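Understanding the architecture of this molecule
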Amino acid sequence: MAKRNRVQIVGDMLSVIQQNGGEIKPTHLMYKANLSHMQMRPLLEELLAKELVARVKKHQYDYFIITEKGVHLSQKLKEMREFEKTFGL
Amino acid sequence: MPFFLPPQWFYDIDNILDSVSVLVLLLIAFFSMSYYRISKRKNYLLLTASFSILALSFAIKVAYNFIIYHNLLSPLSLLEAHEFLESLPTFIVLAVFLHRFLHLVGLFLLYLLHQKVPKSSMFLLIYFAAVLTYFSRSAYYLFHLTTLFLLLFITWTYVGQWRLNKRSTTLLLTIGFATMALSQVLFMFYQITNLFYVAAEIIQVVAYLVLLITFILVLRHGKTK
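Residues numbered from 1 in each chain as written. Chains lettered and ligands numbered in written order. Predicted model: local features only at pLDDT ≥ 70, side-chain atom pairs only at ≥ 80, totals over all residues.

The next subject is the overall build of chain B. Regarding its fold elements, chain B presents 8 helices and 0 strands. Seen in sequence order, chain B has helices and strands lined up from the N terminus as α-α-α-α-α-α-α-α. The C-alpha atoms of chain B give a radius of gyration of 18 Å, which matches the 17 Å a tight globule of 225 residues would have. If one aligns the C-alpha atoms of chain B with their principal axes, the spans along those axes are about 60 × 35 × 30 Å. By the burial criterion, 37% of the 225 residues in chain B qualify as buried. For chain B, long-range pairs separated by at least 24 residues make up 72% of all intrachain contacts whose partners lie at least 6 apart in sequence. (Helix = DSSP H or I, 4+ residues; strand = E, 2+ residues; numbered from the N terminus. Rg over C-alpha atoms; globule rule 2.2 N^0.38 Å. Buried ≥ 20, exposed ≤ 12 C-beta atoms within 10 Å, placed from the backbone. Contact = placed C-beta atoms within 7 Å.)

Rendered as structure tokens:
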């Protein structure tokens, strides 16, 4: 399997949150998006800073929820991946 | 420079068909640019440039055809029209050259997108496009022949791509470019009868519509995933 680039990883992270009903625990996100803790942390901080995901507390646990902006970007990245594969970019 | 007119009933219909091609090319270029803004990958930029240049090339063709049909030919008799075509105004000749040059450059860029050649060779290809455009002044089919070869190379690249990914959208894209290549074969013969021009224009717009359908399917597949 080819190495994922940064944009693909972000796309996978957002997609995983969406598939999980829009919210996820950080550890679950790490496993489901095939990331190490070192990889995930800076990306997650970036997603938070760009308001693509938000942090919420639920039953004393940290959860990450996908924002509307995040849903929009996730959609755009899926289209982009499809475009890339079709045009062989 | 020899200039051939389509049948009179086809005046403006060709402009409408070429305008459809412009819209399809601009639409794909616009989306490709938006993807470039997200990913910063140069391939998206090259695709945007290629499709935008092709769109500009078609737009120039639409503009000079419109001027010829409505401003230059309409007040002339048939004999005068014939004489007019023998000695076209300089700005029309330049517009035809620019259309051909941009068309070749657009296709060269699209071809380069899939080749492992240094991007600096782009300048060499632009030089060849300029030379070919110049020689197409006396032999118009040279332009269509070169376009045909470029389209065949691009089609072949997409055949290879389709063999690898087996995607229906890549197959459609391949069919689209193959249809464009077919239209260039017909364009080469429009000196024999201008009905070849009519057929070529129709086939060309079909090719661009196939490209549009491909693009719509790409967006739809992206949404369903």
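Scanning chain A from terminus to terminus reveals 4 helices and 3 strands. Along chain A, from the amino end to the carboxyl end, the secondary structure elements read α-β-α-α-β-β-α. Relative to the compact-globule value of 12 Å for 89 residues, chain A shows a C-alpha radius of gyration of 13 Å, a close match. In chain A, buried positions account for 31% of the 89 residues. A separation threshold of at least 6 residues defines the contact pool for chain A, and within that pool the share at least 24 residues apart is 52%.

The subject of this paragraph is the environment of A:Ser15. Along the polypeptide, A:Ser15 turns up in helix H1 (residues 6-19). It is 8.4 Å that separates the C-alpha atoms of A:Ser15 and A:Val71, two residues lying 56 residues apart in sequence.

Turning our attention to unusual backbone geometry. All names here are of chain B. The phi angle at Asp12 is positive, at roughly 75°, despite the residue not being glycine. Topologically, Asp12 is positioned in the segment before helix H1 (13-39). Classification of Asp12 by C-beta neighbours within 10 Å gives partly exposed; the count is 14.

Let us now look at the interface of chain B and chain A. Listed as interface residues are 20 residues of chain B and, on the opposing side, 13 residues of chain A. Of all the elements, helix H8 (residues 195-224) of chain B adds the most residues to the side of chain B that touches chain A, at 6 residues. For the side of chain B that touches chain A, the per-class residue count stands at 7 nonpolar, 10 polar and 3 charged. (Nonpolar A, V, L, I, M, F, W, Y, C, P; charged D, E, K, R; others polar.)

Below, the discussion takes up the confidence of the model for chain B. Residue and element names in this part refer to chain B. For chain B, per-residue confidence averages 88 on the pLDDT scale, and residues scoring 70 or more make up 92% of the total. Between the elements of chain B, mean pLDDT differs from a low of 65, seen in helix H3 (residues 78-86), to a high of 96, seen in helix H7 (residues 168-187). If you check the scores for this complex, the pTM reads 0.86 and the ipTM reads 0.80. (pLDDT = per-residue confidence, 0-100.)

Two pairing modes exist for strands in a sheet, parallel and antiparallel, and in both the strands are linked by backbone hydrogen bonds. Residues and elements named next belong to chain A. Pairing in this open sheet of 3 strands is antiparallel, and the strands run E1-E3-E2 from one edge to the other. This sheet does not close on itself; its edge strands, each paired only once, are strand E1 (23-24) and strand E2 (53-58). Both E2 and strand E3 (residues 61-66) contribute to a ladder of 6 bridges, which runs antiparallel. Bridging across to E3, Lys58 finds its partner in Tyr61. (Pairing = 2+ DSSP bridges.)

Residue and element names in this part refer to chain B. In the contact formed by helix H2 (residues 42-73) and helix H4 (residues 90-113), the axes pass within 8 Å of each other and the chain directions differ by 160°. Judged by the inter-axis angle, H2 sits roughly antiparallel to H4. For the element pair H2 and H4, the recorded crossing hand is left-handed. Its residues assigned to classes, the contact of H2 with H4 comprises 20 nonpolar, 6 polar and 1 charged. (Axes fitted to C-alpha atoms, helices over the stretch in contact; angles between N-to-C directions. Parallel < 35°, antiparallel > 145°, perpendicular 65-115°, else oblique. Left-handed = near helix turned anticlockwise from the far one by under 90°.)

With that out of the way, let us pick up the environment of B:Thr214. Structurally, B:Thr214 can be placed in helix H8. For B:Thr214, a count of 22 C-beta atoms within 10 Å gives the class buried. For the pair B:Thr214 and B:Thr157, spaced 57 residues apart in sequence, the C-alpha separation works out to 17 Å. With sequence-adjacent residues up to four places away left out, B:Thr214 is seen in contact with A:Thr86, B:Thr169, B:Leu172, B:Leu173 and B:Gly176.

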